[in-house]
Amino acid sequence: LAKTTQPISMDSYEGQEVNITCSHNNIATNDYITWYQQFPSQGPRFIIQGYKTKVTNEVASLFIPADRKSSTLSLPRVSLSDTAVYYCLVGENSSASKIIFGSGTRLSIRP
Amino acid sequence: DAGITQSPRHKVTETGTPVTLRCHQTENHRYMYWYRQDPGHGLRLIHYSYGVKDTDKGEVSDGYSVSRSKTEDFLLTLESATSSQTSVYFCAISEPGTSGGADTQYFGPGTRLTVL
């Protein structure tokens, strides 16, 4: 199972760009990298997924270097509503049962 | 948002009593999951189902059983609740092969269970 390591917590301010890095040194060839966001008292919500290089959607960007041993979730111009826990997961298709969520990164945004 | 509901949303019970939590989906997704979330532990998989009557154990399955008699419903049962099972329980669903990558899971609103 590919294990991930990410910072326990991060602080930033409104309007800043926030980058959260996740380490996954034993990622397998077929594994994808997925990020989820969880607000207090809610279930996690899918943000973005990628396999290599860069992926961008309306919410975030995901940067994956060539060796794929790490990935960086980038949130542009954060607001107070981006305060949440962010989880980095690694796994392949049809193996969701084997994916481990871990403790995530608690991101706090200040005015 | 994916059509996932959990019931009850809150429950307080006593040690030794049986408890059943229900997850209901309207998305016709094949996979369903039960997780528990405790402070400092993130989400941990209890059991999952990959089809009607097809279930398997997750990381923390001891003390829990599940059943899936219909595609839309996945039940989690605590046969004899203990205080260590006080937690927030999340149900999730996924449909393999729809995203082109790893399965995307959609989560329900959660059930807060307190065992006294």
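Structural data are supplied above this passage.
Next up on the list: the overall build of chain B. Looking only at helices and strands, chain B features zero helices and eleven strands. Its helices and strands in sequence order give chain B the pattern β-β-β-β-β-β-β-β-β-β-β, from N to C terminus. For 116 residues, the compact-globule estimate of 2.2 N^0.38 gives 13 Å, and chain B sits close to it at 14 Å. In terms of its C-alpha atoms, chain B occupies a principal-axis envelope of roughly 45 × 30 × 25 Å. For chain B, with 116 residues in total, the buried portion stands at 50%. Pairs at least 24 residues apart make up 57% of the contacts formed inside chain B by residues separated by at least 6 positions. For chain B, the computed accessible surface area is about 5,300 Å², with 47% contributed by carbon and sulfur atoms. For chain B, the distance from the average site of its 11 positive side-chain charges to the average site of its 13 negative ones is 4 Å.

A separate point is the packing of aromatic side chains. Enumeration according to the criterion identifies nine aromatic pairs over all chains in this entry. Judged by centre distance (5.2 Å) and plane angle (55°), the ring pair of A:Tyr32 and A:Tyr51 falls under tilted. Pair noted here: A:Tyr32 is in strand E3 (residues 32-38) and A:Tyr51 is in the loop between strand E4 (45-50) and strand E5 (53-56), with a separation of 19 residues, a long-range link. Using a relative accessible area of 28% as the deciding quantity, one classes A:Tyr51 as partly exposed. An aromatic cluster is defined as three or more aromatic residues linked by ring pairs; in this entry it consists of A:Tyr36, A:Phe46, B:Tyr31, B:Tyr33, B:Tyr35, B:Tyr48, B:Tyr50 and B:Phe107. One residue, A:Arg68, lies across the ring of A:Tyr51, its end atom 3.9 Å from the ring centre.

With that out of the way, let us pick up the nonpolar core. The biggest cluster of nonpolar side chains holds 20 residues, and the ones touching the most others in it are A:Val18, A:Ile33, A:Trp35, A:Leu73, A:Leu75 and A:Tyr86. Where this core is concerned, the elements lending two or more residues are strand E2 (18-23), E3, E4, strand E6 (61-64), strand E7 (70-75), strand E8 (84-91) and strand E9 (105-110) of chain A. With four residues, the single largest contributor to this core is E8(A). Setting aside chain neighbours within four positions, we find A:Leu73 in contact with A:Val18, A:Asn19, A:Ile20, A:Trp35, A:Ile47, A:Ile48, A:Ala60, A:Ser61, A:Leu62 and A:Tyr86. Ranked by size, the runner-up nonpolar core spans 19 residues in total, among them B:Ile4, B:Cys23, B:Leu78 and B:Ile93.

Turning to the sheet that holds E8(A), a few remarks are in order. Residue and element names in this part refer to chain A. In space, the five strands of this open sheet follow the order E1-E9-E8-E3-E4, with mixed pairing throughout. The sheet is open, and its two edges are formed by strand E1 (9-13) and E4, each paired on a single side. For this sheet, the mean inter-axis angle between neighbouring strands, taken without regard to orientation, is 25°.

Another point: the interface of chain B and chain A. Facing the 23 residues of chain B at the interface are 21 residues of chain A. Here chain B packs against chain A, burying approximately 1,700 Å² in sum over the two surfaces, 51% of which is carbon and sulfur. Looking only at chain B, the three residues that lose the most surface to chain A are B:Leu43, B:Ala102 and B:Phe107, adding up to 27% of its buried area. Inspection of the chain B/chain A interface yields zero salt bridges. Run the count over chain B and chain A and you get three residue pairs in polar contact (both at pLDDT 80 or more). Only strand E4 (31-38) and strand E5 (42-51) of chain B provide two or more residues apiece to the side of chain B that touches chain A.

Next up on the list: the state of the cysteines. Structurally, a disulfide amounts to a covalent bond that connects the sulfur atoms of two cysteines. All told, the structure shown has two disulfides over all chains when counted by the stated rule. Here A:Cys22 pairs with A:Cys88 through a disulfide, and the sulfurs are 2.2 Å apart. Of note, the bridge from A:Cys22 to A:Cys88 carries an S-S torsion of about -85° and is left-handed in sense. A residue pair is termed long-range when its members are at least 10 positions apart, and A:Cys22 in strand E2 and A:Cys88 in strand E8 qualify at 66 residues. What pairs with B:Cys23 in a disulfide is B:Cys91, and their sulfur atoms sit 1.8 Å apart. Here B:Cys23 and B:Cys91 share a disulfide; its torsion about the S-S bond, -70°, makes the bridge left-handed. Residue B:Cys23 is found in strand E3 (residues 19-25), and its partner B:Cys91 is found in strand E9 (residues 87-94); the two are separated by 68 residues along the sequence. You'll find B:Cys23 and B:Cys91 in the same group, each marked buried.

Below, the discussion takes up the side chain of A:Ser61. All names here are of chain A. One can find serine 61 in strand E6. On the basis of relative accessible area, serine 61 is assigned to the buried category, the value being 14%. Of note is the side chain of serine 61, whose polar atom sits 3.0 Å from the side chain of threonine 56. Sequence-distant contacts of serine 61, defined by excluding residues within four places in its chain, comprise Ile48, Lys54, Val55, Thr56, Thr72, Leu73 and Ser74.

What counts as what
Residues numbered from 1 in each chain as written. Chains lettered and ligands numbered in written order. Predicted model: local features only at pLDDT ≥ 70, side-chain atom pairs only at ≥ 80, totals over all residues. Heavy atoms only, no water. Helix = DSSP H or I, 4+ residues; strand = E, 2+ residues; numbered from the N terminus. Rg over C-alpha atoms; globule rule 2.2 N^0.38 Å. Buried < 20%, exposed > 50% of the residue type's maximum accessible area, 1.4 Å probe, protein only. Contact = heavy atoms within 4.5 Å. Areas by Shrake-Rupley, 256 points an atom, 1.4 Å probe, with all protein chains shown as cover. Lys, Arg positive; Asp, Glu negative; His and termini not counted. Charge placed at Lys NZ, Arg CZ, Asp CG, Glu CD. Phe/Tyr/Trp six-rings, centres within 6.5 Å; stacked < 30°, edge-to-face > 60°. Lys NZ or Arg CZ within 6 Å of the ring centre and 35° of its normal. Core = buried A, V, L, I, M, F, W, Y, C linked by side-chain atoms within 4.5 Å. Pairing = 2+ DSSP bridges. Axes fitted to C-alpha atoms, helices over the stretch in contact; angles between N-to-C directions. Buried area = accessible area lost by both parts, 1.4 Å probe. Salt bridge = Lys/Arg side-chain N within 4 Å of Asp/Glu carboxyl O. Polar contact = N/O pair within 3.5 Å; in protein donor to acceptor, adjacent residues only side chain to side chain. Disulfide = S-S within 2.5 Å.

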